[in-house]
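One-letter residues, chain by chain:
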Amino acid sequence: MSKQLPVRARVYVGGTALVAAALAATAIEMVPGHGGVLLPLMPGIAFLIALAECLQLRFLHRDMIQTVSVTEGTFAPLIFRGSGLQVVVVVGIGLIVASLIRRPGLTKSIFNTAMWVAASSVGALVFTYSGAGTGVATSSDVLALLCGVFAAFLTNQILFSGIMWCSAGHPLGTDNATIGWMVLAGRGGSLVASFILGLLMTSAYEWESWTMLLVAGPLVFLWLAGRAEASVRADRRLLDTLQGATHYLASSLDQSIALRQSLTEARHGFEVPEIQLVLVNERGFPTIHRCTATDGYSVEIAPHGLAEILNDTLIEPTRIGAGTPDHVVPLARLGHTRAIAAPLRSAHASIGVLLLLDREGAEGFEAGELAVAGALAREIVGFLARVELVKAIDEERRKLADIVENTGDGILSLDSDGTILSWNAGMAVITGYSAEEMVDTRHFGLLRPRDAQGSDMHLGSWADRPGSSSMSAEMQVIASDGSTVWLSCSYSRVPAREGHDESLIIVARNITKARELELLKDDFIAVVSHELRTPLVPIKGWAQTLLNRGDRLNDDQRRTAVRSILTQAQRLEALVLNILESSRVEAGQAEALDAVDVAAVAVHVVEDVLAARPDRQIRVQPPQVPSQVRGSTVWVERAISNLVANAVKYSPDDEAVDVLVSVSGGVVTVSVTDRGPGINPESQERIFERFERLEESHKQTGTGLGLYITRRLARGMGGDVTVSSLPGAGSTFVLTLPELTSPATVLPPTQRRTENVVNLG
Ligand code: ADP
């Protein structure tokens, strides 16, 4: 009570001491004594008072423990015979001795002493002024004595209720009606017992004064009997507590809920005002789970001096307090004087400590409580280990679920009769069927699975086939949008376990693209070898002719032969360059970036094309302003060359091709316009993909790589290439590249002006 006593309670204690002093002075003044108490017996009476104060009797009533105090009875002979001075001095000494034994703290000692001095003074005054005083044991003297004892009891009760009011806010220390009645019953019992003890002691004193002291015997025996009974009761209560606390630890894996309930139960069972469970992590940082009578349960991460000492040293449950000097100061910092500390040990390492704080009174903590505290600490360790285990399992499951859900591969499992047990997000993306549609159904057949040869696969009956090697590694299925998806599958059989049948896990990778590419590559190799061979035929033919009959050919014929060789060689070169560039672009290799004059490159490209096809009309129109970009000359040349070559290839020989270079808004644009067959809108994007060629172009030779390369190169330099076309009217391919504006890299104007409007056709 003394430690967190509110200020008003301290003031009240001061007031009580003053009242006690005043009442003592009045009693000393007004009570002359009725024969006086024999001096040698006075220490004996003080001893009895101290004994009665320390050895309070406890009894159990309706599961609640009540205390019976008979202190008033022990000073009845003093009231009967003694003077006011004797009463005050002997009661005062008795209470001081009791305080020294019980050590309830200074404030409480002062209050108890003052309260009993006041009560005994009132008792002596009432006895004196109630018509007694003859010193002869007449019935009126007996009545007066009972009045004196009752007055002392009443004073005591009033002063005690006052301190309860000040410290606990209620005169009975509780506003629970049942408990209130029990407290009153305990006090009534105390009064009756005090009456009886007082009469017996007074009678003994009158008969043979020293025999009065023999009452100490029954007092001690009663106390011992009460203690024995209390300890049996306490053991039962503690076992109930342990069972209750353990039950809460077993019934929830939510750490805060289980610890709240369990510690609350333990606090009630141990009858302590506070319990602290301090868990110290690997880095030595304490988390304090605190459960108090006033504030309930709370958790806090904070330094904890006592737990830090105990965590390193404590091996078994121990009582700490005055007997363990190392702990007194950190314990006092927590506001307590006594505690039981039980270590939390897991695999020989200490993970924290359980502290039961604080038991007041002479008894302190009992040995049985140490054992129960130790058992509770072990239960808590087991609980924390279970929580950790569940956390670890949860974490593993979460990781596994993340992997299964976030992998691009499809993962599904089937039970032995073909029911789909799981269907991950990857499977939903690949097939277009969601987990909700598929799980718990036998709808795998919806996908119409077929093997690489196109034969139907009956996965529902997988369990009838031995092993998984008989199942096709490549499977084609029909997705929800009707498209065919190729899957590369691996199969794992999971053997039957307790409560689970055998199941099949299929991991399916979408290889549709890779398969298409494979087919395209096969096509490509066929096309390229044909393309490479085609120009070689005329080259070889003309070369042969020149060699065998060169002297018989006229100049025109020779020129035709050489031009044909040149044209075919250029075709070969363009083809080889495209293939080379294609693999370089695929490998992510970039040319060194430089300032490139786009107009100059365009003119140069057109000149080259015209050299091979002098029969064609190709008009090039460079801009009046510089048309510099940052890029690679080779790349720009390749891009323009592909566009011009296509325009020439896919438009009639008698139609002109226009190449227009312009600069505007920081963009250099090269437009290549032909008057060929044009490209229908649906195919205008497709032709930029690898190996894509239009049906109608198949009479022309080609690889389907030119536009793909052109776009990759343009994008590699921060630009793009697009097409606009009207079927039947021709096409315009537009290459755009960001202009390089830095003046340092602009070419001298003289060099530009030489390339004006050229009509090389
Ligand atoms: P290739 O010309 O070797 O076939 P490209 O990638 O250069 O490959 O062109 C892809 C397809 O785009 C061509 O096969 C053709 O069908 C179409 N195409 C390209 N340029 C034109 C054009 N100027 N006019 C009509 N169709 C074209």
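A brief look at the structure comes next. (Residues numbered from 1 in each chain as written. Predicted model: local features only at pLDDT ≥ 70, side-chain atom pairs only at ≥ 80, totals over all residues. Heavy atoms only, no water.)

1. Digging into the pattern of salt bridges
Two side chains of opposite charge can pair, provided their charged atoms sit close to one another.
Phase 1: Here the structure, examined in full by the defined rule, presents 24 salt bridges.
Phase 2: Here Arg619 makes a salt bridge to Asp658, at a shortest N to O gap of 2.6 Å. Taken together, the residues span a long stretch of sequence, with Arg619 in strand 16 (residues 618-621) and Asp658 in strand 18 (residues 657-664) at a distance of 39 residues.
Phase 3: The exposure class of Asp658 is buried, given its relative accessible area of 18%.
Phase 4: For the salt bridge of Asp720 with Arg715, the shortest nitrogen-to-oxygen distance reads 3.1 Å.
Phase 5: Accessibility expressed as a relative area gives 22% for Asp720, which makes it partly exposed.
Phase 6: The exposure class assigned to Arg715 is partly exposed, which follows from its relative accessible area of 48%.
Phase 7: Taken together, the shared-partner salt bridges connect Arg613, Asp615, Arg616 and Asp653 into one network. (Salt bridge = Lys/Arg side-chain N within 4 Å of Asp/Glu carboxyl O. Helix = DSSP H or I, 4+ residues; strand = E, 2+ residues; numbered from the N terminus. Buried < 20%, exposed > 50% of the residue type's maximum accessible area, 1.4 Å probe, protein only.)

2. Digging into the packing of helix 1 (residues 7-30) against helix 6 (residues 106-128)
Two packed helices can be described by the angle between their axes and the distance between those axes.
Phase 1: For the pair helix 1 and helix 6, the least separation of the axes is 8 Å and the interaxial angle reads 35°. The two elements helix 1 and helix 6 meet at a crossing, and its hand is left-handed. Residue-level inspection shows Arg10, Tyr12, Val13, Thr16, Ala17, Ala20, Leu23, Ala24, Thr26, Ala27 and Met30 of helix 1 in contact with helix 6, the latter providing Thr107, Ile110, Phe111, Ala114, Met115, Val117, Ala118, Ser121, Val122, Leu125 and Thr128.
Phase 2: Classifying every residue of the contact of helix 1 with helix 6 gives 16 nonpolar, five polar and one charged. (Axes fitted to C-alpha atoms, helices over the stretch in contact; angles between N-to-C directions. Left-handed = near helix turned anticlockwise from the far one by under 90°. Contact = heavy atoms within 4.5 Å. Nonpolar A, V, L, I, M, F, W, Y, C, P; charged D, E, K, R; others polar.)

3. Here we look at the pairing of strand 19 (residues 667-673)
Phase 1: Strand 19 sits mainly inside the fold: five of its seven residues count as buried.
Phase 2: Between the end of strand 18 and the start of strand 19, which pair antiparallel, lie two residues, with Gly665 showing a positive phi angle near 55°. (Pairing = 2+ DSSP bridges.)

4. Remarks on the packing of aromatic side chains
Phase 1: With the rule as written, the count across this model stands at six aromatic pairs.
Phase 2: For the pair Phe150 and Phe153, a centre-to-centre distance of 6.4 Å together with 25° between the ring planes defines the contact as stacked. With a gap of three residues between them, Phe150 and Phe153 both fall in helix 7 (residues 139-168), about one helical turn apart.
Phase 3: For Phe150, a relative accessible area of 35% puts it in the partly exposed group. (Phe/Tyr/Trp six-rings, centres within 6.5 Å; stacked < 30°, edge-to-face > 60°.)

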